[in-house]
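Summary of the model geometry
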Amino acid sequence: MYAAFRSIGAYVPPKVLSNNDLTKMVDTSDEWITKRTGIKERHIAEDETTSDMGVKAATKALKRTAIDKSEIDLIVCATISPDYFCMPSTATIIADKLGLPNVMAFDISAACTGFIYALSIAKAYIEAGIKKNVLIIGAERLSKIIDYSDRATCILFGDGAGAAIISATDNKKEAILDIHTGSDGSYAELLMTPNGGSGSAHDSIRAESAGVFMQMRGNETFKIAVKTLTSDVKDILAKNSIKASEISHFIPHQANYRIIKAVGDVLEMTEEQVVLTVAKYGNTSSASIPMAINDIYESKKLQPNEMMLLDAFGGGLTWGSALVPFSPK
Ligand code: UT7
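The structure displayed is predicted, hence computed values, not measured ones.

Once that is clear, we can look at the side chain of K123. Tracing the backbone through its elements, the reader meets K123 in helix α5 (residues 114–127). The contacts of K123, once residues within four sequence positions are left out, are A3, I176 and I179.

Looking now at the site of the ligand. Neighbouring residues of the ligand: 23 residues in total, closest T28, N219, N256, R258 and N283. Within the side chain of T28, a nitrogen or oxygen atom sits 2.7 Å from a nitrogen atom of the ligand. In this structure, R151 approaches the ligand through a side-chain N or O atom, which is 3.0 Å from an oxygen atom. Alone, the ligand offers 950 Å² of accessible surface; in the complex the protein occludes 72% of this. Those elements that provide at least two residues to the shell around the ligand are α2 (30–37), α7 (218–239), α8 (257–266) and β12 (307–314).

The end-to-end C-alpha separation of α5 is 20 Å, in line with the 20 Å expected for 14 residues at 1.5 Å each. Of the residues making up α5, those classed as buried are G114, F115, I116, A118, L119, A122, K123 and I126. Immediately beyond the C-terminal end of α5, within one or two residues, lies G129, with a positive phi of roughly 80 degrees.

On the basis of which strands lie adjacent, the open sheet formed by four strands has the order β8-β13-β12-β11 and mixed pairing. Either end of the sheet is taken by a strand with one partner, and the two such strands are β8 (178–183) and β11 (249–252). Averaged over all adjacent pairs, the angle separating strand axes in this sheet is 10 degrees, with direction ignored. Relative to β12, β11 is paired through four bridges, and the arrangement is parallel. What sits directly across from H249, in β12, is M308. Here α5 sits on the sheet and contacts β8, β12 and β13 (318–325); the angle it forms with β8, its principal contact strand, is near 125 degrees. Across the sheet, α7 lies against β8, β11, β12 and β13, angled at about 150 degrees from β12, the strand it touches most.

If you look at the biggest cluster of nonpolar residues, it comprises 32 residues, and the most contacted ones within it are F5, L119, I136, I166, I293 and L310. Secondary structure elements with two or more residues in this core: β1 (2–11), β4 (74–78), α5, β6 (133–140), β7 (160–169), α10 (288–298), β12 and β13. Ignoring anything within four residues of it in the chain, the contact list for I166 reads A3, A4, F5, L119, A122, I126, K132, N133, V134, I136 and I176. The next biggest cluster of nonpolar side chains, apart from the first, holds 25 residues, and it includes V55, A91, L100 and A105.

Turning next to the packing of α7 against α8. Two measures define how a pair of helices packs: the angle their axes make with one another and the distance between the axes. Orientation of α7 relative to α8, taken along the N-to-C sense of each, is 35 degrees, at an axis distance of 10 Å. You can see that α7 and α8 cross each other, and the crossing is right-handed. Here α7 contributes F222, A225, V226, L229, T230 and K234 to the contact with α8, which in turn contributes R258, I259, A262, V263 and V266. Classifying every residue of the contact of α7 with α8 by side-chain character gives eight nonpolar, one polar and two charged.

The next thing to look at is the environment of A122. Looking at the secondary structure, you find A122 in helix α5. Counting along the chain gives ten residues from A122 to K132, while the straight-line C-alpha distance between them is 9.0 Å. Apart from the residues lying within four places of it in its own chain, the contact partners of A122 are V134, I136 and I166.

Procedures and definitions
Residues numbered from 1 in each chain as written. Predicted model: local features only at pLDDT ≥ 70, side-chain atom pairs only at ≥ 80, totals over all residues. Heavy atoms only, no water. Helix = DSSP H or I, 4+ residues; strand = E, 2+ residues; numbered from the N terminus. Contact = heavy atoms within 4.5 Å. Near = heavy atom within 4 Å. Polar contact = N/O pair within 3.5 Å; in protein donor to acceptor, adjacent residues only side chain to side chain. Areas by Shrake-Rupley, 256 points an atom, 1.4 Å probe, with all protein chains shown as cover. Expected span 1.5 Å × (residues − 1). Buried < 20%, exposed > 50% of the residue type's maximum accessible area, 1.4 Å probe, protein only. Pairing = 2+ DSSP bridges. Axes fitted to C-alpha atoms, helices over the stretch in contact; angles between N-to-C directions. Core = buried A, V, L, I, M, F, W, Y, C linked by side-chain atoms within 4.5 Å. Left-handed = near helix turned anticlockwise from the far one by under 90°. Nonpolar A, V, L, I, M, F, W, Y, C, P; charged D, E, K, R; others polar.

Quick look at the structure:
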């Protein structure tokens, strides 16, 4: 059995937080944010939870496929902003809201690489013959873990969700070709929420609320991101004897326009190949890649059999890349 990428869906909450809005909250400017990140605005959830957004993205993905909801036998949700700390998982809440109460469902935590990790889990379960139709979701309400007095992080992140359906096929041409994944926990402190867990300096999550917000050493993260993403993408292309020019859509994690440009330039990708949504959504962590795939799907740029190259990097540190033909059914 092979695993095929069948369907995509995404959801963004309606409220927009522009760069100009942020200038009223922290010492920053539209010019600085635009020049250093490419971001113009991001969307912020008001009363929707991560699972609410995940359900909306999943419902769209389900509508766009002949696979019936009742055929879904695994749900994996990648998120760093789950509905609840520790438990229950956001995936089980999504399963319940979708009306799939008995399905195997769990969350994974791989920050911005979460969608690629979830894709590799779906592929493995399908190729092992254990599951047939896997719903993978990247959903984030990052605004809940952002400190809106910290200009180093609050200008970057937004909320949203994306979902995909990965199904078993015996047609090799439809199959996800390859997925690379990696991590390096020695860089854990570059991007973290320091309090609230068992490694926290405080006994209670209530003891020091500030430490439950995300902190990032952006410049160091930036440099490692460019280096790692470039080498990882070069490796997966070489291993599969595919030239960058054969990729229809290069869909990187949307963290920063400068990172995407640097990696795209090294690979000699054309503007048409590189998918960019960072200006309108900011960095939505695990949701950013499926939201970007959904964007090209909805604008009719993504056609059946076209090869997508996915590429992500995030807290952990974690990274991953994937060669995925679009095989709708
Ligand atoms: O998604 C997961 C992985 N995350 C990433 O890959 C993010 C990687 N990092 C980045 O995208 C960039 O490092 C940032 C956009 C976060 C920052 O850009 P940078 O070019 O690395 O800036 P910097 O941190 O080196 O800061 C340059 C200057 C500093 O001032 P001084 O020390 O030069 O006077 C900062 O204090 O910019 C200042 N600065 C700001 N100024 C206006 C930092 N944030 C802001 C801000 N507005 N929001």
